[in-house]
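One-letter residues, chain by chain:
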Amino acid sequence: MAEEDRPPSVVAERFGDIAPRLVRYTDEVLFGDVWEGADLSKRDRSLATISALVAMNRTEQLGPHIVRGLKNGLTRDEIVETITHLAFYSGWPTAMSAIAVARDLFDRDAQ
């Protein structure tokens, strides 16, 4: 599909009016280049990204990356185990915040 035929990304829909360059870098560089690198699978990139977001307590970005991780082959159990593991490295509050995000997503998906 040609780029001009693709629907706008979620980032473009949310921020295209205020930050078109940030949207372009996100769509073209981050997801168009970095996420397409050959040396890590998308599954592994998702696990690394989820881990970083948990450790930095970036819960606003965590939800979409958990969804992406599931699409990229991570299981719910692997995501929960990663969050549990990170409690000992990034702190209990970051893990508790992250598990709340995961639970909300899993519950919403189960409906």
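Residues numbered from 1 in each chain as written. Predicted model: local features only at pLDDT ≥ 70, side-chain atom pairs only at ≥ 80, totals over all residues. Heavy atoms only, no water.

**So, the domain arrangement of the chain**
- One can read the domain layout of the chain as domain 1 (7-36) and domain 2 (40-110).
- Using C-alpha coordinates to define each centre, domain 1 is positioned 22 Å away from domain 2.
- Counting residues at the interface gives 5 residues for domain 1, matched by 8 residues for domain 2.
- Counting each side, the surface lost to burial between domain 1 and domain 2 is near 550 Å², with a carbon and sulfur contribution of 57%.
- Sorting the residues of domain 1 by area buried against domain 2 places Phe-31, Trp-35 and Glu-36 first, and these three jointly supply 82% of that buried surface.
- In this structure, the connection of domain 1 to domain 2 is made through 1 salt bridge.
- Here domain 1 is connected to domain 2 by 2 residue pairs in polar contact (both at pLDDT 80 or more). (Domains from an automatic or database assignment. Contact = heavy atoms within 4.5 Å. Buried area = accessible area lost by both parts, 1.4 Å probe. Salt bridge = Lys/Arg side-chain N within 4 Å of Asp/Glu carboxyl O. Polar contact = N/O pair within 3.5 Å; in protein donor to acceptor, adjacent residues only side chain to side chain.)

**Considering the packing of helix α5 (residues 76-90) against helix α6 (residues 92-110)**
- Where α5 contacts α6, the two axes come as close as 8 Å, and the packing angle between them is 165 degrees. If you check the angle between α5 and α6, you find them roughly antiparallel. Judged by the twist between their axes, the crossing of α5 over α6 is left-handed. Along its contact with α5, which presents Arg-76, Ile-79, Val-80, Ile-83, Ala-87, Phe-88 and Ser-90, the element α6 presents Trp-92, Thr-94, Ala-95, Ala-98, Ile-99, Ala-102, Phe-106, Asp-109 and Ala-110. (Axes fitted to C-alpha atoms, helices over the stretch in contact; angles between N-to-C directions. Helix = DSSP H or I, 4+ residues; strand = E, 2+ residues; numbered from the N terminus. Parallel < 35°, antiparallel > 145°, perpendicular 65-115°, else oblique. Left-handed = near helix turned anticlockwise from the far one by under 90°.)

**Describing the UniProt feature "domain: Carboxymuconolactone decarboxylase-like" (unreviewed entry) in the chain**
- When the UniProt feature table is mapped to this numbering, "domain: Carboxymuconolactone decarboxylase-like" (unreviewed entry) covers residues 20-104.
- Across residues 20-104 one finds 78% helix and 0% strand; the C-alpha atoms that close the span lie 30 Å apart. (UniProt positions renumbered as here; feature names shortened; annotations may be inferred.)

**Describing α6**
- The end-to-end C-alpha distance of α6, which contains 19 residues, comes to 26 Å, matching closely the 27 Å that a straight helix rising 1.5 Å per residue would cover.
- Looking only at α6, the buried set comprises Thr-94, Ala-95, Ala-98, Val-101, Ala-102, Leu-105 and Phe-106. Taken around the axis of α6, the buried residues stretch over an arc of 130 degrees, which confines them to a single face. In this structure, α6 carries Pro-93, Arg-103, Arg-108 and Ala-110 as exposed residues pointing more than 90 degrees from its buried face.
- The secondary structure elements touched by the buried residues of α6 are α3 (42-55), α4 (59-71) and α5. (Expected span 1.5 Å × (residues − 1). Buried < 20%, exposed > 50% of the residue type's maximum accessible area, 1.4 Å probe, protein only. Arc of directions from axis to C-beta.)

**A few points about the pattern of salt bridges**
- Counted according to the given criterion, the structure contains 5 salt bridges.
- Where Lys-42 meets Glu-36, a salt bridge forms, and the shortest distance between an N and an O atom there is 3.0 Å.
- Overlapping salt bridges, with partners in common, bring together Arg-43, Asp-44 and Glu-78 in one network.

**Focus on the packing of α3 against α5**
- Two elements in contact, α3 and α5, have axes separated by 10 Å at closest approach and are oriented at 40 degrees. Relative to α5, α3 is oriented oblique. The two elements α3 and α5 cross, and the hand of that crossing is right-handed. Between α3 and α5, the residues in contact are Arg-43, Leu-47, Ile-50, Ser-51, Val-54 and Ala-55 and Glu-78, Ile-79, Thr-82, Ile-83, Leu-86 and Ser-90, respectively.
- The class makeup of the residues in the contact of α3 with α5 is 7 nonpolar, 3 polar and 2 charged. (Nonpolar A, V, L, I, M, F, W, Y, C, P; charged D, E, K, R; others polar.)

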